[in-house]
Amino acid sequence: MSSSDQVLIFDTTLRDGEQSPGISLNASEKLEIAQQLARLGVDVIEAGFPIASPGDFEAVQTIAQQVEGPIICGLARAQPADIARAGEALADAARPRIHTFISTSDIHIEHQMRNTRDDVLKGTEAAVSQAKAIVDDVQFSPMDATRSDPAFTAKVLQIAIECGATTINIPDTVGYATPDEYGRFLTTLYELTPGLRDVVVSVHCHDDLGLAVANSLAGVIAGARQVEGAINGIGERAGNTSLEEFVMLLDTRADALGLHTKVVTTEIARTSRMISRLTGYPVQPNKAIVGRNAFSHESGIHQDGVLKNPSTFEIMDPRKVGLDDSNQIVLGKLSGRAALRDALEKMGYQLSGDQLVAAFKRFKVIADRKKQVTAMDLEALVTDDLRTIGGASFELVDFEVQSTSAEDPHSTVTITLPDGTERKGDGTGDGTVDSVFAAINQAAGVEARLREYRVEAVSGGQDSLGHVSVVVELGDVGDALRSQIPGVIAGGRTIGQGNAVDTDVISASAQAYLRGLAAALRAAEVGQEATAEPMR
Ligand code: KIV
Ligand code: ZN
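Just so it is clear, the structure is predicted and the values come from calculations on it, not from any experiment. (Residues numbered from 1 in each chain as written. Chains lettered and ligands numbered in written order. Predicted model: local features only at pLDDT ≥ 70, side-chain atom pairs only at ≥ 80, totals over all residues. Heavy atoms only, no water.)

Below, the discussion takes up the overall build of the protein chain. Counting its regular elements, the protein chain contains 19 helices and 16 strands. The C-alpha radius of gyration computed for the protein chain amounts to 24 Å, which stays within 12% of the reference 24 Å derived for 536 residues, consistent with globular compactness. When the backbone C-alpha atoms are referred to their principal axes, the protein chain occupies close to 75 × 65 × 45 Å. In the protein chain, once contacts between residues fewer than 6 apart in sequence are set aside, the share between residues at least 24 apart is 70%. Of the accessible surface of the protein chain, which amounts to about 22100 Å², a share of 50% is contributed by carbon and sulfur atoms. Considering the protein chain, the positive charge centre built from 48 side chains and the negative charge centre built from 74 side chains are found 3 Å apart. (Helix = DSSP H or I, 4+ residues; strand = E, 2+ residues; numbered from the N terminus. Rg over C-alpha atoms; globule rule 2.2 N^0.38 Å. Contact = heavy atoms within 4.5 Å. Areas by Shrake-Rupley, 256 points an atom, 1.4 Å probe, with all protein chains shown as cover. Lys, Arg positive; Asp, Glu negative; His and termini not counted. Charge placed at Lys NZ, Arg CZ, Asp CG, Glu CD.)

Right under this line is the structure:
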């Protein structure tokens, strides 16, 4: 067991989290998230899986070049090409880490990799040695560890340590372990692996049975000193350990656990909102720490108690997770560009040049419609602008709702295609928003259908900005568009997620739909050029 009382926080929002179904972040969005994770004070950012696609490579490289503070990590299977590619992507990082993994469970060895335990031992030795020749900081994971034979896993870990791994991560890949089993599994590995006490032991738990945070806690009690997870608990299937929950658990129960992290907890709420907005994954209202009800009291008895003394029904001060900051900054109609820049700077966004001009333009439109623009509104605007950067994109020039009658809603739109050509379309549908989507399909020359549609208010009040999130399924792509995006195959089916923020919900819906279409087209292209399937 480690004697240190600091637990390192390894954030995999941009890797395991980003591989959640339907999430597709562009490079600017990933960079903005990584900058926010640095402000949050995580120790390690797993920025992506560089061999998975050119987009993943570029994102890891950009984050490695621009984000200061945390260690920047790239994932690689235990294969020479993966490790070399991760090394290239991380070349400019001040503190690079390569994270390589191989499955150790017999289920995976027989049915997924179709090789032998001996191949796993050799693969581990080759992979860790290759990574160590590129960077000093090497992390190794035996995938599906909790369903693996402990004696065999220990043998693999000892090889990884002897070849130079400095962090050993023990994944509960399928979220199957119970806290007691997971803690005992780690204790057994400590007993069987002579070198394990000389490296940092890490835990990586999936939430299939709702036990990811509990298992991570069992892991640190057994001696682990790095916890992996994602903000808002995103990740494939039921997701990963929610980092904000784990961090606040150590903070709030320091009396019982005697452990701490160096996370700046007052940045938690903002990080959670940014990730929810950019990924389009909403946070459930009753989610611990970051749900909108996490600190509100409904029953009269509770409200009465909290008014008399918050400690009656509150175990945490909401200010500790940054909840009071969200509306502190307020700008009005008459605020100028300098006031906007200062407000954004206070929130940690450094905007200048064209970006500041664009943000100011949008701010003015919104300030004209809303009496007061709050920090939450500004956050929503800045993150919304990031969505327009990079890749094939469509612009909404204008739209008109011709008829809102229940029998025959009818709209027209004008959009620009990725090459700048202006196209018009009109459509009817099951309602006003549906008719706008039909008009967009006609203008873009695509067959696409809406799979999901959600509207949320950014902040309270009747004049709140609306955040629209859509999932679009792309079918046939017409000639006009196909000639502009040659990688897209006709007739393929891909899905894309789009988000947009506006005071007008129909306008936000149209923009979100166009972004969803662009993301689906990108996914169709990525399908062509991907060199490896993402794996968890
Ligand atoms: O869940 C898992 O096993 C992983 C590994 C790549 C660490 O994500
Ligand atoms: Zn995982």
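Two cysteines form a disulfide when their sulfur atoms are joined by a covalent bond. This model, assessed by the stated rule, comprises 0 disulfides. Free cysteine C163: the closest other cysteine sulfur is in C73, separated by 18 Å. (Disulfide = S-S within 2.5 Å.)

So, on to the site of ligand 1. Neighbouring residues of ligand 1: 12 residues in total, closest R15, D16, T173, H204 and H206. Contact between ligand 1 and R15: an oxygen atom at 3.0 Å from a side-chain N or O atom of the residue. Between ligand 1 and T173 there is a distance of 2.6 Å, counted from an oxygen atom to a side-chain nitrogen or oxygen. Protein contact buries 100% of the 260 Å² of open area that ligand 1 shows by itself. (Near = heavy atom within 4 Å. Polar contact = N/O pair within 3.5 Å; in protein donor to acceptor, adjacent residues only side chain to side chain.)

This next bit is on the side chain of E314. With respect to the helices and strands, E314 occurs in the loop between α13 (300-308) and β9 (330-332). Buried charge E314 goes without a salt bridge, the closest partner of opposite sign being R319 at 8.0 Å. When sequence neighbours within four positions are dropped, the list of residues in contact with E314 reads F295, H297 and V306. (Buried < 20%, exposed > 50% of the residue type's maximum accessible area, 1.4 Å probe, protein only. Salt bridge = Lys/Arg side-chain N within 4 Å of Asp/Glu carboxyl O.)

Let us now look at the sheet that holds strand β6 (residues 167-172). Spatial ordering of the closed barrel is given by β1-β2-β3-β4-β5-β6-β7-β8, a layout of 8 strands whose pairing is parallel. Within the sheet, the average angular offset between the axes of one strand and its neighbour, ignoring direction, is 25°. With respect to the sheet, helix α4 (residues 80-89) is in contact with β3 (71-77) and β4 (96-103), its orientation differing from that of β3 by roughly 160°. Seen against the sheet, helix α7 (residues 150-162) touches β5 (137-143) and β6 and runs at an angle of roughly 165° to β5. (Pairing = 2+ DSSP bridges. Axes fitted to C-alpha atoms, helices over the stretch in contact; angles between N-to-C directions.)

Any two side chains of opposite charge can pair, given that their charged atoms come close. Counted by the stated rule, this structure contains 31 salt bridges. For D149, the salt bridge identified is with R117, shortest N-O distance 3.3 Å. Residue D149 is found in the loop between β5 and α7, and its partner R117 is found in helix α6 (residues 117-134); the two are separated by 32 residues along the sequence. Of the residues examined, R117 reaches a relative accessible area of 30% and is grouped as partly exposed. Two residues, R147 and D144, come together in a salt bridge whose shortest N-O distance is 3.0 Å. Relative accessible area serves as the criterion here: at 0%, D144 is assigned to the buried category. Taken together, the shared-partner salt bridges connect R15, D16 and E46 into one network.

Moving on to the domain arrangement of the protein chain. Examined at the domain level, the protein chain breaks down into domain 1 (8-279), domain 2 (295-322), domain 3 (325-386) and domain 4 (395-524). Here domain 1 and domain 4 have C-alpha centroids that lie 37 Å from each other. Between domain 1 and domain 4, the contact holds 7 residues from the first and 7 residues from the second. Counting the surface lost from both domain 1 and domain 4, the interface buries some 530 Å², and carbon and sulfur atoms represent 42% of this. The three residues of domain 1 that bury the most area against domain 4 are G22, S24 and R277, which together make up 71% of that side's buried surface. Our count for the contact surface shared by domain 1 and domain 4 stands at 0 salt bridges. (Domains from an automatic or database assignment. Buried area = accessible area lost by both parts, 1.4 Å probe.)

On the basis of which strands lie adjacent, the open sheet formed by 3 strands has the order β11-β12-β13 and antiparallel pairing. The open sheet has two edge strands with one neighbour each: β11 (395-403) and β13 (422-428). Across the sheet, the axes of successive neighbouring strands diverge by a mean angle of 15°, strand direction being ignored. By the bridge criterion, 7 bridges tie strand β12 (residues 410-416) to β13 in an arrangement that is antiparallel. Among the inter-strand pairings, I415 is bridged to a residue of β13, identified as R423.

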